[in-house]
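# Summary of structural features
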Amino acid sequence: MDKFPAATAKKSVTALFGAAVVAFVILIILFPSRAFQASLYGLQIWWEILFPSLLPVFVLTEMLFAFGIVRALGVLADPFMRFAFRLPGECGLAFAAGLIAGYPAGADVAGRLFRRKLLTPGETERVVAMSHIAGPMWVFTAISVGFLHRAELGAVLFLAQAASAIAIGLFGRFAANMSGEKHLRPADRPPLLKSCLTAIREVRNEDGRAFGKILGDAVLTAAQNLFVIGGTMMIAAVFLEMLRMAGLFSAIAGYMAYAFRFAGLPGRWAGPILTGAVEANLGVFAIGQDISSTQLAQTAIAAGILAWSGFAVHAQVKSIVGANAFHYGRFLLARLVHAALAFLFTLLLYRPITHWLYGSPGALQAFRAVVASPNLSAAASPLFAQGAIWLLGLSAAVSWLVFLLASAGFIRMCQPRPK
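The structure contained in this document is the topic of the report that follows. Keep in mind it's a predicted model, so treat the numbers as computed, not measured.

## What about the overall build of the protein chain?
Tallying secondary structure elements over the protein chain gives 19 helices and 0 strands in all. Residues classed as buried in the protein chain amount to 45% of the 419 residues present. Summarising the internal contacts of the protein chain: among those between residues at least 6 apart in sequence, 77% fall at separations of at least 24. When the accessible area of the protein chain is evaluated, it comes to approximately 21,500 Å², of which 71% is carbon and sulfur surface.

## Observations regarding the pattern of salt bridges
Taken as a whole, this structure holds 9 salt bridges when the rule is applied. One salt bridge connects aspartate 207 with arginine 204, and the closest N-O pair in it is separated by 3.9 Å. Here the residue aspartate 207 and the residue arginine 204 both occupy positions in helix H10 (residues 192–207), the gap between them amounting to 3 residues, near one helical turn. Given the relative accessible area of 25%, aspartate 207 is considered partly exposed. When its relative accessible area of 24% is taken as the criterion, arginine 204 is described as partly exposed. Here aspartate 207 makes a salt bridge to arginine 209, at a shortest N to O gap of 2.7 Å.

## Comments concerning helix H12 (residues 248–262)
In this model, H12 (15 residues) spans 21 Å end to end at C-alpha, consistent with the 21 Å of a helix rising 1.5 Å per residue. For H12, the set of buried residues is Phe249, Ala253, Ala257 and Phe260. Buried residues along H12 cover an arc of 60 degrees about the axis, so they all sit on one side. Across from the buried face of H12, at angles greater than 90 degrees, the exposed residues are Tyr255, Tyr258 and Phe262. Buried residues along H12 sit against helix H11 (211–246) and helix H13 (270–278). Immediately downstream of H12, the backbone of glycine 264 shows phi near 85 degrees, a positive value.

## Regarding a nonpolar patch on the surface
Taken together, the side chains of Phe36, Leu40, Leu43 and Trp47 present a nonpolar region at the surface, about 410 Å² in accessible area. Of note, phenylalanine 36 is situated in helix H2 (residues 32–66). Assessed through its relative accessible area of 52%, phenylalanine 36 is described here as exposed.

## Points about the side chain of serine 144
As for its position among the elements, serine 144 is in helix H8 (residues 136–147). Apart from the residues lying within four places of it in its own chain, the contact partners of serine 144 are Val139, His149, Arg150, Ala151, Leu153 and Gly154.

## Brief notes about the nonpolar core
Ranked by internal contacts, the top residues of the largest apolar core, which has 99 residues, are Trp138 and Leu306. Here the element with the most residues in this core is H2; it accounts for 11 residues. Of all hydrophobic cores here, the second largest spans 6 residues; its members include Ala35, Ala38, Val238 and Met242.

## What to know about the packing of aromatic side chains
Considering all chains together, one arrives at 13 aromatic pairs under this definition. An aromatic cluster is built from Trp46, Trp47, Phe51 and Phe227, whose rings are joined through pairwise contacts. The ring centre of phenylalanine 249 lies 4.2 Å from the NZ or CZ of arginine 244, which sits over that ring.

## Considerations on the packing of helix H3 (residues 69–76) against helix H5 (residues 91–101)
Taken N-terminus to C-terminus, the directions of H3 and H5 make an angle of 125 degrees; their axes are 7 Å apart at the nearest point. Classified by the interaxial angle, the pair formed by H3 and H5 is oblique. Crossing of H3 over H5 shows right-handed handedness. Here Val70, Arg71, Leu73 and Gly74 of H3 come into contact with H5, specifically with Gly92, Leu93, Ala96, Ala97 and Ile100. In terms of residue class, the contact of H3 with H5 is made up of 6 nonpolar, 2 polar and 1 charged.

## Comments concerning the side chain of histidine 132
Mapped onto the elements of the fold, histidine 132 is located in the loop between helix H7 (121–130) and H8. Among the residues examined, histidine 132 registers a relative accessible area of 2% and is labelled buried. A polar side-chain atom of histidine 132 sits 2.8 Å from a polar atom in the side chain of serine 309. Once residues within four sequence positions are removed from consideration, histidine 132 is found in contact with Tyr103, Ala307, Ser309, Val313, Val317, Phe331, Arg335 and His338.

## Points about unusual backbone geometry
Despite not being glycine, arginine 86 shows a phi value in the positive range, around 55 degrees. Mapped onto the elements of the fold, arginine 86 is located in the loop between helix H4 (78–85) and H5. Under the relative-accessibility criterion, arginine 86 is labelled partly exposed at 32%. In this structure, serine 309 is a non-glycine residue whose phi angle is positive, near 80 degrees. Inspection of the secondary structure puts serine 309 in the loop between helix H15 (295–308) and helix H16 (311–321).

## A look at the packing of H2 against helix H14 (residues 280–288)
Here H2 crosses H14 at 85 degrees, and the two axes come no closer than 11 Å. Judged on the interaxial angle alone, H14 and H2 are roughly perpendicular. Across from Tyr41, Ile45, Ile49 and Leu50 in H2, the residues of H14 making contact are Asn281, Leu282 and Phe285. Considered class by class, the residues forming the contact of H2 with H14 number 6 nonpolar, 1 polar and no charged.

How each quantity is defined
Residues numbered from 1 in each chain as written. Predicted model: local features only at pLDDT ≥ 70, side-chain atom pairs only at ≥ 80, totals over all residues. Heavy atoms only, no water. Helix = DSSP H or I, 4+ residues; strand = E, 2+ residues; numbered from the N terminus. Buried < 20%, exposed > 50% of the residue type's maximum accessible area, 1.4 Å probe, protein only. Contact = heavy atoms within 4.5 Å. Areas by Shrake-Rupley, 256 points an atom, 1.4 Å probe, with all protein chains shown as cover. Salt bridge = Lys/Arg side-chain N within 4 Å of Asp/Glu carboxyl O. Expected span 1.5 Å × (residues − 1). Arc of directions from axis to C-beta. Patch = residues over 30% accessible without salt bridge, like charges linked within 9 Å, V, L, I, M, F, W, Y side chains within 5 Å. Core = buried A, V, L, I, M, F, W, Y, C linked by side-chain atoms within 4.5 Å. Phe/Tyr/Trp six-rings, centres within 6.5 Å; stacked < 30°, edge-to-face > 60°. Lys NZ or Arg CZ within 6 Å of the ring centre and 35° of its normal. Axes fitted to C-alpha atoms, helices over the stretch in contact; angles between N-to-C directions. Parallel < 35°, antiparallel > 145°, perpendicular 65-115°, else oblique. Left-handed = near helix turned anticlockwise from the far one by under 90°. Nonpolar A, V, L, I, M, F, W, Y, C, P; charged D, E, K, R; others polar. Polar contact = N/O pair within 3.5 Å; in protein donor to acceptor, adjacent residues only side chain to side chain.

Take a look at the structure:
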């Protein structure tokens, strides 16, 4: 009896999606020029901003995986994952992948761990929820510089993403304890540095490719991923434009604007947030073009959109992890909570971080003055600006590594060794 309603609901959802696709095709046929302009709009944003900023990022990320650095970070995060989140140590690899490569890399690793029977479905959902983070190099380049036009906002956005992801992981731990999930067995604790080096050596032995082959494959994989992102953006842009032509976008945005005004918020935020609900890049770009909003408001909304990540990325995550290890309703709830927490953390972190980076007379303030100096040539100034971006990204990575080392050492000292 239980299977019949579930099968009926599945058929209903399939029929609904089929009807939506047919309606989408009909709208494109009725408004071909608007569909073309919308597709060109998505292509322009992807080609002019995302492609040049993300190609080196994706290449370097693939090389980090190939050389075993990500697995070593996963080993390093093992004590922290067990102590803080009550998750198997292997989940540290998924969390590290999410922190370095961004979504959906964490979901990809979690899906692999589930298929190898190293995680239960509940643990897989928790890992996917907390490792679903916008990648730092993407945030420090495309988002902060390309869309919001201020490099220092990358630190605010990434720290808000990481802090809210850790909060999601803690919520998941308490929920698992309340549901009666069994505690983990104690893990063997070999020396931490030896474990990291062993992980790197294992990855290199499994891989076996030369540096030139790794570089070529990394460029190919990065280009494929970027084409997937570009195609998703173009489809999302056309979909949103067809919603506008059908009057649905204005109707939904109107109701959202009314709710925002009722809550004391500007109604003009409804359009960018609705756009970001479908595709994150388009939503952040739209809020970056809203010159009426303050920089703080733009950054907080961008953080919420990045944490939500858009239905396009949700579909990628669901296909990567698999239906057996993934309940979309709980993932959707986690995304809503993550977006709200990222918004709040951005409001808390914006003033201290921007003041620390650029508000006080320090090294970075002097660096910014040098970049803006009229004595610098027009060709050299962007190079200095790009250097500042990578300096901030490197500082964030080193800070996270130091935190993992300190927490792992503290946890190992506090826990008694098994007899």
